[in-house]
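# Summary of structural features
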Amino acid sequence: MLNNIGLPGLLLIAVVVLVLFGRGKISGLMGEVGKGITSFKKGVAEGTKEIEDEAAQVAKDVTPEEEKDKV
């Protein structure tokens, strides 16, 4: 059903949405979407950093002290 919408159909939908909601609400909504995407990216970056920090702590040098002196 949605396979044959085409460019004119998409433009018609965009115009109807613009008329129904108005330019102000749409721009406000897009601003909130942008903030949400930014927040999501920040959360992913923090999660990745946390996982890397945990992996670094696990990979600490556990060689006994007497073995370290020999090297």
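Scope of this entry: the structure provided in the associated data block. (Residues numbered from 1 in each chain as written. Predicted model: local features only at pLDDT ≥ 70, side-chain atom pairs only at ≥ 80, totals over all residues. Heavy atoms only, no water.)

## Here's the deal with the overall build of the protein
Stated formally: For the purposes of this entry, the term helix denotes a DSSP run of H or I that reaches at least four residues, the term strand denotes a run of E that reaches at least two, and both are numbered from the N terminus. Two things to know: the radius of gyration comes from C-alpha atoms, and the globule rule equals 2.2 Å times the number of residues to the power 0.38. Accessibility here uses a 1.4 Å probe with only protein chains present; expressed as a share of the type maximum, an area under 20% marks a residue as buried, one over 50% as exposed, and anything in between as partly exposed. Residue exposure ignores everything except the shown protein chains as possible cover, and the areas themselves are Shrake-Rupley values with a 1.4 Å probe. Positive charges come from Lys and Arg, negative ones from Asp and Glu, while His and the chain ends are left out of the count. Where a charge lies is defined by one atom per residue type, namely NZ (Lys), CZ (Arg), CG (Asp) and CD (Glu).
Scanning the protein from N- to C-terminus turns up two helices and zero strands. Against the compact-globule benchmark of 11 Å for 71 residues, the protein has a radius of gyration of 27 Å, which places it well outside the compact range. Buried residues in the protein amount to 1% of all 71 residues. In the structure as shown, the protein presents an accessible area of about 6700 Å², 66% of it carried by carbon and sulfur atoms. One finds the centroid of the 9 positive side-chain charges in the protein at a distance of 17 Å from the centroid of its 11 negative side-chain charges.

## Observations regarding the pattern of salt bridges
To keep things clear, this is the line we draw: Salt bridges, as used here, are contacts in which a Lys or Arg side-chain nitrogen is within 4 Å of a carboxyl oxygen on Asp or Glu.
Under the definition given, this model contains two salt bridges. Between E32 and K35 there is a salt bridge, with its nearest N and O atoms 3.8 Å apart. Taken as a pair, E32 and K35 lie in helix 1 (residues 6–58) at a separation of three residues, close to a single helical turn. For E32, a relative accessible area of 49% corresponds to the partly exposed category. Its relative accessible area of 57% is what places K35 among the exposed residues. Here D53 and K49 are joined by a salt bridge, their closest N and O atoms 3.2 Å apart. With a gap of four residues between them, D53 and K49 both fall in helix 1, about one helical turn apart.

## Details of a nonpolar patch on the surface
Just so we agree on the cut-off: The patch calculation keeps residues exceeding 30% relative accessible area without a salt bridge and links them within 9 Å when they carry like charges or within 5 Å when they are nonpolar (Val, Leu, Ile, Met, Phe, Trp, Tyr).
A surface patch of nonpolar side chains, amounting to about 750 Å² of accessible area, comprises I5, L10, L12, I13, V16, V17, L20 and F21. Tracing the backbone shows V16 in helix 1. The partly exposed category is assigned to V16, whose relative accessible area is 41%.

## Thoughts on helix 1
Where we set the bar: The span you would expect from a helix comes to 1.5 Å times its residue count less one. What we call the bend at a residue is the angle made by axes fitted to the seven residues finishing there and the seven residues starting there.
When the terminal C-alpha atoms of helix 1 are compared, their 54 Å separation across 53 residues is substantially less than the 78 Å that a helix rising 1.5 Å per residue should span. Where helix 1 bends most, at G22, the angle is about 100 degrees.

## Examining the environment of P8
With respect to the helices, strands and loops of the structure, P8 is situated in helix 1. Sequence separation of P8 and K49 is 41 residues, and the distance between their C-alpha atoms is 45 Å.

## A closer look at the environment of I51
Relative to the elements of secondary structure, I51 occurs in helix 1. Placed 22 residues apart in sequence, I51 and L29 show a C-alpha to C-alpha distance of 33 Å.

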